[in-house]
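What follows is the residue order along each chain.
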Amino acid sequence: MKKVLVFALAALMVLSLSATGIAAQTNVSFNDFDDVTALAEGEDIIDKPDVTADKYKDYFAGAYDSSTVTNKADLALADSKGIDGSKALSIKQNRGADRSNVGVNLYTEEPISIDGATYLVVWADFTGVDFRKACFGVIGNNHVLYRTDERDGVSGLKFFIQDGSDWKEMLHGDDGCFGTAQNSSVKDYKGYMAFPISDFVSWDSSDLPFDTATQKVTGVYFYFDYDSGDYSDKVFYFDDIAFTSDYEVFVTEKTEDVSDETSDETSQTENSETPDTSDGSVYFYIISAVSILGFSTVVFTKRRVSK
């Protein structure tokens, strides 16, 4: 009788939690570079809806506004420079004396849906590098660019960076960028960054926000200009670019020790072969039920195993 009661209570708990609408965790991987063996430079596709994947290839790194820059950015794969010594994307540019504002477009082979995601997350290593201005964005349907740089004059435009085990709130400046000219230097920062997708707006006159429910992502965009010529040819790195509904949960899941997790699960299984059927066991079944429900709402398209 007690077993029946326990299972009934656990089932009731699951149904109750489902009814209250536990939000599913959305995680969509864009690129963690682990499986990338080569990078092919292609064309700038912004505002060019007819350019096909065979022409735009993996990336473009040139003028951010269709003008001409003397020195384009150089992109390469870098072993041991990513998270836990994994592979990363390296970026550098020989900065011209008259500034060299560059837009970096990272492309997908096929547009991806990020429905349900609310943040773009990027692991970055800016050791020894500082920017005058920089910003992130996405390339959506018809190759339209959406970025924070269009949020001119908007105060309180937030982004978030890891600060030890916690997170620190940062602000874009009045030009929708971060960097020294925006009172938000990221020099020597290394770790995850999170940017609200709702702050990415189209760079045409409409300034429409990117709608994750109706649009797909063709590329991730990064604009930058070094703070001065002192940083010319200084390399910085990106890794683990993704879209998520909760950046704190995403990062926790990405950086946990999977081997320890497996050991814990094995230990729990061995200890639960003969479950206690006393009244106290209700907690075991309820917690198990909640855990199962919780895991069932988390969807990972790609997961990095800590090295």
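Refer to the structure above for everything that follows.
Attention here is on the structure that accompanies the text. Since the structure is predicted, the reported quantities are computational estimates derived from the model, not experimental observations.

## Re the overall build of the protein chain
No. 1: Helix and strand counts for the protein chain come out as five helices and 15 strands.
No. 2: Per-residue burial for the protein chain yields a buried fraction of 46% across its 307 residues.
No. 3: Counting only contacts in the protein chain whose residues sit at least 6 apart along the sequence, the fraction spanning at least 24 positions is 77%.
No. 4: Of the roughly 15100 Å² of accessible surface on the protein chain, 49% is carried by carbon and sulfur atoms.

## Quick look at the packing of aromatic side chains
No. 1: For the structure shown, the criterion picks out 29 aromatic pairs.
No. 2: Taken together, a centroid distance of 4.7 Å and an interplanar angle of 40 degrees make the contact between Phe136 and Phe222 tilted. Of this pair, Phe136 sits in strand β7 (residues 131-139) while Phe222 sits in strand β13 (residues 216-226), and the two are 86 residues apart along the sequence.
No. 3: Here Phe222 falls in the buried class, since its relative accessible area comes to 2%.
No. 4: Grouping aromatic residues by their ring pairs yields a cluster made of Phe126, Phe131, Phe136, Phe159, Phe178, Phe195, Phe222, Phe224, Tyr226, Phe236 and Phe238.

## Some points on the environment of Val122
No. 1: Here Val122 shows up in strand β6 (residues 119-125).
No. 2: Judged by relative accessible area, which is 0%, Val122 ranks as buried.
No. 3: Separated by 14 residues in the primary sequence, Val122 and Phe136 have C-alpha atoms spaced 9.7 Å apart.
No. 4: Contact partners of Val122, with chain neighbours within four places excluded, come to Phe136, Gly191, Tyr192, Met193, Phe238, Asp239, Asp240 and Ile241.

## Considering helix α3 (residues 247-255)
No. 1: All of the buried residues along α3 are Tyr247, Phe250, Val251 and Lys254. Each buried residue of α3 sits inside an arc of 90 degrees when the element is viewed along its axis, so together they form one side.
No. 2: Capping the start of α3, Asp246 holds a side-chain oxygen 3.1 Å from the backbone nitrogen of Glu248, two or three residues further along.

Thresholds, definitions, all that
Residues numbered from 1 in each chain as written. Predicted model: local features only at pLDDT ≥ 70, side-chain atom pairs only at ≥ 80, totals over all residues. Heavy atoms only, no water. Helix = DSSP H or I, 4+ residues; strand = E, 2+ residues; numbered from the N terminus. Buried < 20%, exposed > 50% of the residue type's maximum accessible area, 1.4 Å probe, protein only. Contact = heavy atoms within 4.5 Å. Areas by Shrake-Rupley, 256 points an atom, 1.4 Å probe, with all protein chains shown as cover. Phe/Tyr/Trp six-rings, centres within 6.5 Å; stacked < 30°, edge-to-face > 60°. Arc of directions from axis to C-beta. Polar contact = N/O pair within 3.5 Å; in protein donor to acceptor, adjacent residues only side chain to side chain.

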